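# Structural characterization, general
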Amino acid sequence: MDTETLQKKRFDTTASDYAAHHGDKWSQKYYKRFIYEPMFENISLKNLNVLEAMCGSGEATAFLNENGAFITGLDISKEEIDIFKTRWPDSQSYCRSILNTELPENSFDCVMIIGGLHHVHPHVDEAIQEIYRILKPDGFLCFSEPHKGSLPDKLRKIWYNNDKTFAENEESIDIEHLKVKFSKQFNFKNEYYKGNFAYIFVLQSLVLRIPLKLKAIYSPLLIWLEGIFDKIQGKSLSCFVVCQWQKK
Ligand SMILES: C[S@@+](CC[C@H](N)C(=O)[O-])C[C@H]1O[C@@H](n2cnc3c(N)ncnc32)[C@H](O)[C@@H]1O
């Protein structure tokens, strides 16, 4: 089975559980503090045309809306896009692959992706090439993904190999490779390494099969702890990277 069909199948079957575990109050607090705020640092989203790529159920849409962006959602899973459409009827959305969006070139001020690129392995370079094509000059590519080579990445690999939830093509992102490959096309503006206790037990509650009720009990403490370790953990102990790139 090709990688796009694998991913489509995977997310078509988990879409409603995904929305419940990522749309709850605690995941939303996590996203805002540890992902959206560093991701859009020094970018004013007001009136920007933003593609929420690999949007799933549209967990970032509320934040983008509040900040005045015009949002388009894109995801390969029909079930995910159906939830997106129901939650965000005023936004445009497309059930398409990031590898071939069929969207016009130079049409977005910003393309943002959270936890998506590691699902297109081994086609990440093609996905970024496609994003480059649809971004306007000076437009931003903002993404957050598990990165290659950290201790959490090694543990994640063992977990992926032993849990049938994950599709076999999933793989962390090789940031150093991407920065060499796309050095002529993008300026690399920001790179933050993040993710510890709360990333694992709050944001990953679905894959860890943690009941939502239980999550409400421990999340405040873990989010507080994450804020402390966030300052000292560095690249090798972090679970993911947040990048802000600008098209040249
Ligand atoms: C882990 S979810 C992330 C969803 C959302 N960005 C979030 O933060 O909650 C990954 C998403 O990527 C989508 N996806 C996987 N491969 C794709 C592809 N080739 N093109 C577009 N979307 C894809 C899946 O359907 C899924 O909704």
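Every chain is numbered independently, its residues counted from 1 as its sequence is written. Only residues with pLDDT of at least 70 get local features here, since the model is predicted, and only at 80 or more are side-chain atom pairs given and counted; chain-wide, interface and lining totals rely on the full set of residues. In computing side-chain properties, one takes all heavy atoms of the structure into account and sets aside hydrogens as well as water.

## A few points about the site of the ligand
Here a residue counts as near a molecule or strand whenever at least one of its heavy atoms sits within 4 Å of it. Looking at the ligand, there are 20 residues lining it, with Tyr18, Met54, Asp75, Ile98 and Ile114 nearest. Polar contact is the term for a pair of N or O atoms within 3.5 Å; when the atoms are in protein, one must be able to donate a hydrogen and the other to accept it, and sequence-neighboring residues count only if both atoms are side-chain atoms. At 3.1 Å from an oxygen atom of the ligand is found a side-chain nitrogen or oxygen belonging to Tyr31. A distance of 2.9 Å separates a nitrogen atom of the ligand from a polar backbone atom of Ile114. A 1.4 Å probe and the Shrake-Rupley method give the accessible areas. Residues count as covered only by the protein chains that appear here. Within the complex, the protein chains bury 96% of what would otherwise be the 600 Å² of accessible surface of the ligand. The way it works is that DSSP assigns letters per residue, a run of H or I at least four long becomes a helix, a run of E at least two long becomes a strand, and they are numbered from the N terminus. With four residues, helix α1 (residues 3-23) is the largest single contributor of residues to the shell around the ligand.

## Some words on the state of the cysteines
By convention in this document, the label disulfide applies to cysteine sulfur atom pairs within 2.5 Å. As enumerated under the stated definition, the model contains zero disulfides in all. Here Cys142 stays unpaired: no disulfide links it, and the sulfur of Cys110, its closest cysteine neighbor, is 4.1 Å away. Looking at Cys243, it has no disulfide partner, and the nearest cysteine sulfur is the one in Cys142, 9.5 Å off.

## Quick notes on the packing of helix α2 (residues 25-39) against helix α9 (residues 212-229)
Here, axes are lines fitted to C-alpha atoms. For helices the fit covers the stretch in contact, and angles between N-to-C directions go from 0 to 180 degrees. With their axes 10 Å apart at the nearest point, α2 and α9 run at an angle of 15° to one another. Relative to α9, α2 is oriented roughly parallel. Considering only the axes of α2 and α9, their crossing is right-handed. Only Lys215, Ala216, Ser219, Pro220, Ile223, Glu226 and Gly227 of α9 make contact with α2, whose side of the interface consists of Trp26, Ser27, Lys29, Tyr30, Arg33 and Phe34. Side-chain classes follow a simple rule in which Ala, Val, Leu, Ile, Met, Phe, Trp, Tyr, Cys and Pro form the nonpolar group, Asp, Glu, Lys and Arg form the charged group, and the remainder, Gly included, forms the polar group. Here the residues of the contact of α2 with α9 are counted per class, giving six nonpolar, three polar and four charged. Note on angle classes: values under 35 degrees are labelled roughly parallel, values over 145 roughly antiparallel, values of 65 to 115 roughly perpendicular, and the remainder oblique. What makes a crossing left-handed is the near helix being turned counterclockwise from the far one by less than a right angle; a clockwise turn instead makes it right-handed. Whether two residues are in contact is decided by their heavy atoms, any of which lying within 4.5 Å being enough.

## Describing the pairing of strand β3 (residues 92-95)
We call two strands paired when DSSP finds no fewer than two bridges between them. Pairing geometry for strand β2 (residues 70-75) and β3, over four bridges, is parallel. Residue pairing for β3: Leu74 is matched across the bridge by Tyr94. A crossover connection joins β2 to the parallel β3 through helix α4 (residues 78-87); in handedness this β-α-β unit is right-handed. Look down the strands so they point away from you; if the path from the first strand over the helix to the second goes clockwise, the crossover is right-handed.

## Considerations on a nonpolar patch on the surface
A patch is a set of surface residues, each over 30% in relative accessible area and not in a salt bridge, joined within 9 Å for like charges and within 5 Å for the nonpolar side chains Val, Leu, Ile, Met, Phe, Trp and Tyr. Each salt bridge in this description consists of a side-chain nitrogen of Lys or Arg and a carboxyl oxygen of Asp or Glu lying within 4 Å of one another. A grouping of Phe197, Leu221, Trp224, Ile228, Phe229 and Ile232 is seen on the molecular surface, where their side chains present a nonpolar patch of about 620 Å² in accessible area. Per element, the largest residue contribution to the nonpolar patch is four residues, and it comes from α9. Structurally, Leu221 can be placed in helix α9.

## Let's talk about unusual backbone geometry
Outside of glycine, negative phi angles account for most residues, and trans bonds account for most peptide bonds. The peptide bond linking His121 to Pro122 adopts the cis configuration, its omega dihedral lying at 5°. For Glu102, which is not glycine, the phi dihedral falls at a positive 60°. Topologically, Glu102 is positioned in the loop between β3 and β4 (108-114). A positive phi angle, near 55°, is found at Asn106, a position not held by glycine. Checked against the element boundaries, Asn106 lands in the loop between β3 and β4.

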